[in-house]
Amino acid sequence: MKFFIDTAEVAEIKALADTGLVDGVTTNPSLIAKSGRNILDVICEICDIIPGPISAEVGATDYETMLAEGRKLAGLRPNVAVKVPLTPDGLKVCKALSDDGTMVNVTLCFSANQAILAAKAGAAFISPFVGRLDDIGQDGMQLISDIVEIYAQYPDFTTDVLVASVRSPMHVTDAARLGAHVVTMPASVLRQMYQHPLTDKGLATFCADWAKTGQSIL
Ligand code: G3P
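What this report covers is the structure whose coordinates are included nearby.

The next thing to look at is the site of the ligand. Around the ligand, a shell composed of Asp6, Asn28, Lys83, Phe129, Arg132, Ala164, Ser165 and Arg167 is seen. At 2.7 Å from an oxygen atom of the ligand is found a side-chain nitrogen or oxygen belonging to Ser165. With respect to the ligand, the side chain of Arg167 contributes an N or O atom lying 2.8 Å from an oxygen atom. The fraction of the free accessible surface of the ligand (310 Å²) that becomes covered by protein chains is 82%. Comparing atom positions with the cavity grids shows the ligand to sit within the largest pocket. Residues that form the shell around the ligand fall into these classes: 2 nonpolar, 2 polar and 4 charged.

Given below as structure tokens:
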């Protein structure tokens, strides 16, 4: 299972890269806007920190402009995954870029049928948004279960299920249980995954008992 971080904050990515657990990064127009920085600069910097796939999203919605934007983004670094919306034009761009050997992440997926279309268009990643489905009272994880099950029926589908819009560590556990290939999460969720009160309590006891022994391993 791969872990991507869903952020455009370079300092945050640098800090988490040290964990050795980050396999890639996803960004979107909202995250770029929040960073207040130029998308081309940010994507290059992130690509130079994390060698895995770095998703950079197009800004246009028409085929010609998305294709040109996608080619420009893909030309920045070899590990860029161009992110396109799940629309007819977006999937046409996905097919064209994928045929050229560029990784494409199809975003804003909210149904199994949309995920089937993305796989047929050659997407490297499909991004179903679990949190936003939960927000409107639908079961986001059921969608992950459906897509994982459907993709498994077709060995010629090479698209990875990238669980997006993750809000809590439980989303990560559930995605792992279902066999999703990738989870992209805010940095805060990755940090929360380490935490358990019994770990803290147990470590405090071990440290106190170790001090009582007066020993030193080094
Ligand atoms: O990058 C796509 C996705 O992860 C966005 O999440 O929290 O804005 O629904 P969120």
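As for its placement among the helices and strands, Asn79 is situated in the loop between helix 4 (63–74) and strand 4 (80–85). The class of Asn79 is buried, set by a relative accessible area of 12%. A polar side-chain atom of Asn79 sits 2.9 Å from the main-chain carbonyl oxygen of Ile50. Side-chain polar atoms of Asn79 contact the backbone oxygen of Gly52, separated by 3.0 Å. When neighbours within four sequence positions are excluded, Asn79 is seen to be in contact with Cys47, Ile50, Pro51, Gly52, Pro53, Ile54 and Met103.

To continue, consider the state of the cysteines. Within the structure shown, the criterion is met by 0 disulfides. Note on Cys44: no disulfide assigned, nearest cysteine sulfur contributed by Cys47 at a separation of 6.6 Å.

With that out of the way, let us pick up a nonpolar patch on the surface. There is a patch of nonpolar side chains on the surface, built from Trp210, Ile217 and Leu218 and spanning about 440 Å² of accessible area. Considering the arrangement of structural elements, one finds Trp210 in helix 11 (residues 197–213).

With the rule as written, the count across this model stands at 8 salt bridges. A salt bridge links Glu45 to Arg37; the nearest nitrogen and oxygen atoms lie 2.6 Å apart. A residue is classified by how much of its surface remains accessible, and Arg37, at 34% relative accessible area, is partly exposed. The shortest N-O distance in the salt bridge between Asp135 and Arg167 comes to 2.8 Å. With Asp135 in helix 7 (residues 130–135) and Arg167 in the loop between strand 7 (160–163) and helix 9 (169–177), this residue pair connects regions lying 32 residues apart in the sequence. Given the relative accessible area of 54%, Asp135 is considered exposed.

What follows covers unusual backbone geometry. Notably, Leu108 is not glycine yet its phi reads approximately 65 degrees, a positive angle. By relative accessible area, Leu108 is classed as partly exposed at 33%.

Moving on, we come to the packing of aromatic side chains. On inspection of all chains with the given rule, the structure shows 4 aromatic pairs. The interplanar angle of 65 degrees and the centroid separation of 5.5 Å between the aromatic rings of Phe110 and Phe129 together place this pair among those described as edge-to-face. With Phe110 in the loop between strand 5 (103–109) and helix 6 (112–120) and Phe129 in the loop between strand 6 (125–128) and helix 7, the pair connects residues that are 19 residues apart, well separated along the chain. A relative accessible area of 30% means that Phe110 is categorised as partly exposed. Plain terms: the ring middles of Tyr154 and Phe157 are 5.3 Å apart, the flat faces sit at 40 degrees to each other, and that makes the pair tilted. The partly exposed category is assigned to Tyr154, whose relative accessible area is 42%.

The rules behind these values
Residues numbered from 1 in each chain as written. Predicted model: local features only at pLDDT ≥ 70, side-chain atom pairs only at ≥ 80, totals over all residues. Heavy atoms only, no water. Near = heavy atom within 4 Å. Polar contact = N/O pair within 3.5 Å; in protein donor to acceptor, adjacent residues only side chain to side chain. Areas by Shrake-Rupley, 256 points an atom, 1.4 Å probe, with all protein chains shown as cover. 1 Å grid on protein atoms, 1.4 Å probe; cavity = no way out; pocket = protein on both sides within 12 Å on 5 of 7 lines; lining within 4 Å. Sits in = over half its atoms within 2 Å of the grid points. Nonpolar A, V, L, I, M, F, W, Y, C, P; charged D, E, K, R; others polar. Helix = DSSP H or I, 4+ residues; strand = E, 2+ residues; numbered from the N terminus. Buried < 20%, exposed > 50% of the residue type's maximum accessible area, 1.4 Å probe, protein only. Contact = heavy atoms within 4.5 Å. Disulfide = S-S within 2.5 Å. Patch = residues over 30% accessible without salt bridge, like charges linked within 9 Å, V, L, I, M, F, W, Y side chains within 5 Å. Salt bridge = Lys/Arg side-chain N within 4 Å of Asp/Glu carboxyl O. Phe/Tyr/Trp six-rings, centres within 6.5 Å; stacked < 30°, edge-to-face > 60°.

Note that every value here comes from positions in space, so none of it alone points to a role or purpose.
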